[in-house]
Structure formats: structure tokens, C-alpha cells
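Inside the fold
Okay, here's what each chain looks like letter by letter:
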Amino acid sequence: MKLASLLSLVLTAGAVTVFATGTAAQAAPGVTPPNVSLTLGPGQSADIAKHVETAPVPPKPDVVFLADTTGSMFDPIADVRTNAASVMGQIAAAQPNAQFGVAEYKDVEDSAPFTVRQDITANQAAVQAGIDLWNADGGGDLPEDNLNALFQLANGAVHFRDGGTRIIVIFGDAPSHDPSLGHGLADTIAALNAAHIRVVAVDVGGMNAGDQAEAITSGTGGVYLPNVPADQVSAAILAGIQAIQVKVTPVPFDCDANLSVSFAPAEKTVDSGATADFTEHVTVAGGAAPGTYTCKVDFKVDGVSQGAAFVQTLSVKVLSLSINDVVVDENAGNATFTVSLSGPSTDPVSVGFATANGSATAGADYLSSAGTVTFTPGQTSRPVTVPIVNDAVDELNETFTVNLSAAVGAGIADGTGLGTIVDADRNGTFSCTAQVLRVGPLSSPAANPANVPCADDSKILAQLTLNSGLIKVESKTLDANTALTPDNLNTAPAAGDNGTAKATVESVKITVGGIAPVTIELGLIQATAKATCAAGPGGLAPVLTGASSIAYLKINGIAVPVGSAPLTVPLVIGSLKLNATTTTPTSVTQQAVVLDTLLTDVVISEARADIHGSAANPTGNPCRV
């Protein structure tokens, strides 16, 4: 390989810079395009042109600078010593994980025929210090100790990293003794290959006598650079490293079973910094279901992964047909479904459809429909309309399906569209009732005594006296009242809809005879129970509330503080319970006054409100449909 035909070498301001001859600026290393998206049908295939830009320096390089330091090498050593920082800087700029080592050799008769000045390290200052220890002296006859130095480096004299590119850059002006301290040419080449080391030989005059240097570089996959002037050795080192060839191999991984990916050629060898071109062939399995399939390809360099820039992600979409689910009110008129194609097609795509009963019945709840949907090229959605039958029957939500079949031009991914017909009638009703006075089996008239359903009603008495054994209850101005809002529950539920019960009495006097007579006087006693539809996180829901109050209370003429809070007053004859609220998940009962005795019970101002489901929705309530 001729140096002049490989690279132009330019020395500027004491630093060496290498430019590729006749080429534009180097593209960033990696694969182009890095991401590929295809739309294919089952059994189809496609070809993609791939370009892999390799780095100007082989990956993860461990570079050992091996110098002939006999007396004739003063000028070449001076050139490398001066430009070593620039050489290492350019290599590290291309491969930031680059590391370097330093060694030297002399003649077999010198006191130190081979010396390692610096083991392999990322510390460039330490490497420069090792290079600075080179001193041109010794030698005497023409052959030197080249082969022994290479053999020692291949057998552990320095510590190369695993998984990297191992390079020895040797420069000198004389061939080696053969054998050299017991190591012949063939032995040395075998040792270098066993250690996966490539040799770059920079010949400043006479190194290739007997074709020895070329045998070493060709035998290790390295580079031989002849006739290098003493002041261009450092530039030749860079040129030689860049001329080392690398092998690019596409390796698919994480590939879906329905994708087949191959490359032509299967691998390609190029100079470092050159482009490796491939044709990628992608095939979708004939039985592939609709969906998106992926595959990744790692373009390895010399069998080593180079990171994300060298990984291609392939995504192949197999066109599919699907139909959505639809929820409609029973008074909506129509249910409109959408049949979707997962992507535009260059050819027409068609699919058949037909309705089928679920809990909904054709004719009673919807009208049966069937036909064919056709997508012209570029279209990705088409409607299917099913008429809905409105009725006045309170019932559960009902369903039917629209089923796809006989697709042409695509597969069916989701072939069933569920239609849900939402009942527009309330799922239940309110109940309510109110009563002012109850003494044992005797009572005042109740408002809405049937309780279910709640209805507007009112029972008013000017006064009422009830006697039960030793207990006498006298009351004035009794008012029991119930109300339903709205009056007609055939309307849609709304916040504020309610069933309300109220019981009010102006005054009550309770007399209990016997050995220890008791007189209880109460004024303006009120109780309210209410079931109300209120907005919540899940929509309208029933809220049950109860409240009561007592204006005043006297027991045997002694005033007892009261109000709206619950209170229990113990008595000789039993207990007096005030403002009691009893709530269940479906009802609320408010009792303003309960006199609990062994003889009988007295209840004053009792109101109750409930919610109930319908026959079709036993667990429903009037706030939902």
C-alpha cells in the first residue's frame, strides 16, 4: 500500500493532522437510516438500502507505540515525541475510549533489547512521559530486536483490554534478527494473531528487508507504510491506523417471529472511516395477523457492538380492520359505528358487516342491518349506521353486536363492535311518609301512608289527645306533609330531584300517672327526612339526610336545654330520646321525640324518606337511568 495514495499528510504548528484525499467531511459514524417504518401485507417483502459509516479509527483501540531506539533513529523519535499529543488527541477524538502504551527495542546485544516504558492506559500524560524516555543509542549491526519485541507484547508484556482493537504501531529503519532471542518470524506472527493484535509498520528505511515487515502486517491484518520521511512518522502512524480495515456484520435481534430479515452481503470489510453498503431484505410471514412487528439490527464492527448509533430499529405494520364499540341512549335514533383501516392502502379494501342480537332484540330494540363497507385508496375510516328503537319500558341497558367478516385487502384485528343501548327511564323511585304522633297502637293520620311511591300529601289537625293506659298525650296544631320533586319522574334525572317528608306539631303535653307521676311539656317540634339526587364524581347519586329540632322542654316544670342535637334524658319511668336519625343505604328516618317506657312508647314528629329500585333494576335508584 503506497503512503501517497493512502492519505495526504500535513504538519501544522508542530501538530500532525490527517485528511482523507478528495472526500467531503466525514459523516458521523452509525447506520443510515437508523429507523425504518414499512406498511406491508402478509407475505409481502421490501428491500432497503443501508449505509454504515465506520469511525476513522477502529473501535475501542489499544495502541502501543513501539520504537526502534537505536542510534540511527534520533530524527524519527523526535518527530513522534513532538507530535504524540496530537496523534493521541485525534485518535481519542474519534474513539473516546482509546488507550495507549509505550515500548522500545534495540539490538540483541544491547543491555536492554526490549523495554516497556508505559503499560496501556487512558492517561495520555503518562504515555507522553513514556515516549519522552526514548533515547536513540546502541545498535551496531543492521538487524535489530524487532521480532522479540513484537513477541513479548503479544504474550503479556502489556495488558490489552478485552473486546477492543489491539494495535501495535512499530517504526524503525532496520529489519529484525530472525530468530530474535529465540523468536522467529512465523512464531511471532502466530503469537500476534493468537492475541488478536494488528501491526502497523512505519518503515523509515530498510525495515522491510526480505519482505519481513510486509509479512508481519499482511499476516496480522495490519498496514505497511514504506519510505516514510523522518519528519512524517507521526503522520504516517495516524494514516496507518486509519487504513486498518474493519469488518461490518449486520446482526438482527429482538425480531418478531413474523418478520424475516436478511442482508446482502452478509458482511463487508472496509477501511476505517469508509462506508459499508448493504441491501436489507424484509419479509412478512404469509400467516401474519394484523399488527405492528419490530426487529432490531446491530451493525457490529469487528464483532463488537458500537452502541445506539449502529442499531437500526425496523417497524412493519400489517394493515388491519377494526370496528369500535358504541354507547347510545335509546332515544338517540341511530347508533353509528366506525370501521377503521389501520393505515392508507394503495388498493381498495372491503369487509362485510351484519348485526346480531345480544340482550337487545332486533325489531324491538334496534333494526337489523347488513352490507359491505369499501375503502377507496387513501381512506382509513367508514361508517356503519344501525337504527335504534325507542320504547317507554324501564329496563336494563341492552346490547347487540355488529360483526365484520370476509375482508379483502387487509386482515381483521377487532371484528366485533358492541352496541350498548342505554335505557332512558329512571332505575327507581322515591318513597316518603310523615306522622306527627303515635302512642302505642294509636296515632295521628300519616301523610302518604302508602309510602311507595313518594307523593304530595298533607294531613293537618288542630289538636289531638291520645290515651294509652297511664299515659295521656295532648297535642295542638299537627301538620304531616310529603312532597315529590319533580311531580313526574318520567323526566331525566337532575340534581335536586327529591322525596321529602316533614312532621310538625306546635306543642305536646305528656302525662304519665302512677306512683311517681311525670309531666313532660314540649314546644314546636319539627322533623324532616329527605332523599335528594346530588352530583358526585360518578354522576348523580342519592343523598339521604334527616334533621329535627325542639323549641323547649320541661320535665315536671323544670326546663331542660334542647335544640337539634341528639340527646337522651333518663327518667324514672324510662328514657326520653331527642333528635334521633336512623340511616340505612336506602332510607333515612328522623324522630324528634321518643318516650320509651315499660308501659308503651310515644313517638312525636317522625319523618321517613327512601329510595327504591325498579322491577328491572332492583338495586337501582331514581337518580340514574
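Below you will find a few notes about this structure. A quick note: this is a predicted structure, and the numbers were derived from the prediction, not measured.

1. Let's talk about the nonpolar core
Counting residues in hydrophobic clusters, the biggest one holds 50 residues, and the most contacted among them are Leu437, Ile510, Leu522, Leu576 and Ile604. When residues of this core are assigned to their parent elements, the largest contribution, 8 residues, is made by strand E32 (residues 518-536). When residues no more than four places from it in sequence are discounted, the contact partners of Ile510 are Ile471, Lys472, Val473, Val518, Thr519, Ile520, Leu522, Leu595, Val602 and Ile604. Of all hydrophobic cores here, the second largest spans 34 residues; its members include Ile77, Met88, Val228 and Val233.

2. Quick notes on helix H7 (residues 233-243)
Within H7, 11 of the 11 residues are buried, which leaves it mostly tucked inside the rest of the structure. What H7 keeps buried is the set Val233, Ser234, Ala235, Ala236, Ile237, Leu238, Ala239, Gly240, Ile241, Gln242 and Ala243.

3. Re the state of the cysteines
The term disulfide refers to a covalent linkage connecting the sulfur atoms of a pair of cysteines. Enumeration according to the criterion identifies 3 disulfides in this entry. A sulfur-sulfur separation of 2.0 Å characterises the disulfide bridge that pairs Cys432 with Cys454. An S-S torsion of about 90 degrees defines the bridge between Cys432 and Cys454 as right-handed. Placement of the pair is Cys432 in strand E27 (residues 428-439) and Cys454 in the loop between strand E28 (442-443) and strand E29 (457-468), with a sequence separation of 22 residues. Across this residue pair, the class does not change: Cys432 and Cys454 are buried. In this model, Cys533 is linked to Cys623 through a disulfide, with the two sulfur atoms separated by 2.1 Å. Of note, the bridge from Cys533 to Cys623 carries an S-S torsion of about -95 degrees and is left-handed in sense. In this pair, Cys533 is assigned in strand E32 and Cys623 in the segment after strand E38 (601-613), connecting sequence segments 90 residues apart. With respect to burial, Cys533 and Cys623 carry one shared label: buried. Across the protein, the disulfide pattern expressed with sequentially numbered bonded cysteines is 1-2, 3-4, 5-6.

4. Notes on the environment of Ala230
Secondary-structure assignment places Ala230 in the loop between strand E11 (223-225) and H7. A relative accessible area of 29% means that Ala230 is categorised as partly exposed. Spatially, the C-alpha atoms of Ala230 and Thr165 are 27 Å apart, while their sequence positions differ by 65 residues. For Ala230, the contacting residues outside a window of four places in its chain are Asp75, Pro76 and Asp79.

5. Structural notes on the packing of helix H2 (residues 74-94) against H7
Closest axis-to-axis distance for the H2/H7 pair is 7 Å, and the angle between their directions is 40 degrees. Taken together, H2 and H7 sit at an angle that is classed as oblique. Here H2 contributes Pro76, Asp79, Val80, Asn83, Val87, Gln90 and Ile91 to the contact with H7, which in turn contributes Val233, Ser234, Ile237, Leu238 and Ile241. Looking at side-chain class alone, the contact of H2 with H7 contains 8 nonpolar, 3 polar and 1 charged residues.

6. Considerations on helix H3 (residues 124-132)
Burial in H3 covers these residues: Val127, Gln128, Gly130 and Ile131. End-on, the buried residues of H3 take up no more than an arc of 160 degrees, which puts them together on one face. Taken together, the buried residues of H3 touch strand E6 (61-68), H2, strand E7 (99-105) and strand E8 (114-121).

7. Things to note about the sheet that holds strand E30 (residues 471-485)
Two pairing modes exist for strands in a sheet, parallel and antiparallel, and in both the strands are linked by backbone hydrogen bonds. With respect to topology, 6 strands assemble into an open sheet ordered E29-E30-E31-E32-E33-E34, the strand pairing being antiparallel. The open sheet has two free edges, formed respectively by E29 and strand E34 (558-559), since each of these has just one partner strand. Examined bridge by bridge, E30 and strand E31 (residues 498-512) share 14 bridges and lie antiparallel to one another. Opposite Asp479, over in E31, you have Thr504 as the bridge partner.

8. As for the environment of Gly352
With respect to the element layout, Gly352 can be found in strand E21 (residues 349-357). A relative accessible area of 12% means that Gly352 is categorised as buried. Residues Gly352 and Leu540, 188 residues apart in the sequence, show an inter-C-alpha distance of 40 Å.

9. A closer look at empty space enclosed by the protein
On inspection of all chains with the given rule, the structure shows 1 cavity of 30 Å³ or more. The space that makes up the largest cavity amounts to roughly 60 Å³. Taken together, Asn146, Leu150, Ile170, Val199, Ala201, Met207, Gln212, Ala213 and Ile216 make up the lining of the largest cavity. Looking at the lining of the largest cavity, the elements that each hand over two or more residues are helix H4 (146-154), strand E10 (197-203) and helix H6 (212-220). Taken together, the residues that form the lining of the largest cavity break down as 7 nonpolar, 2 polar and no charged.

10. Here's the deal with the pattern of salt bridges
A side chain of one charge can pair with a side chain of the opposite charge if their charged atoms are brought near each other. Evaluated as defined, the whole model comprises 12 salt bridges. Of the charged contacts, one joins Arg117 and Glu104 as a salt bridge, the two residues approaching to 2.6 Å between their closest N and O atoms. In this pair, Arg117 is assigned in strand E8 and Glu104 in strand E7, connecting sequence segments 13 residues apart. Residue classification places Arg117 among the partly exposed positions, given a relative accessible area of 33%. In this structure, Arg426 engages Asp497 in a salt bridge whose closest nitrogen and oxygen atoms are separated by 2.6 Å. Separated by 71 residues along the polypeptide, Arg426 in the loop between strand E26 (416-422) and E27 and Asp497 in the loop between E30 and E31 bring together distant segments of the chain. In this structure, Arg426 and Asp497 share a single accessibility class: buried.

Thresholds, definitions, all that
Residues numbered from 1 in each chain as written. Predicted model: local features only at pLDDT ≥ 70, side-chain atom pairs only at ≥ 80, totals over all residues. Heavy atoms only, no water. Core = buried A, V, L, I, M, F, W, Y, C linked by side-chain atoms within 4.5 Å. Buried < 20%, exposed > 50% of the residue type's maximum accessible area, 1.4 Å probe, protein only. Helix = DSSP H or I, 4+ residues; strand = E, 2+ residues; numbered from the N terminus. Contact = heavy atoms within 4.5 Å. Disulfide = S-S within 2.5 Å. Axes fitted to C-alpha atoms, helices over the stretch in contact; angles between N-to-C directions. Parallel < 35°, antiparallel > 145°, perpendicular 65-115°, else oblique. Nonpolar A, V, L, I, M, F, W, Y, C, P; charged D, E, K, R; others polar. Arc of directions from axis to C-beta. Pairing = 2+ DSSP bridges. 1 Å grid on protein atoms, 1.4 Å probe; cavity = no way out; pocket = protein on both sides within 12 Å on 5 of 7 lines; lining within 4 Å. Points joined across faces, edges and corners; volume = space filled by probe spheres on them. Salt bridge = Lys/Arg side-chain N within 4 Å of Asp/Glu carboxyl O.

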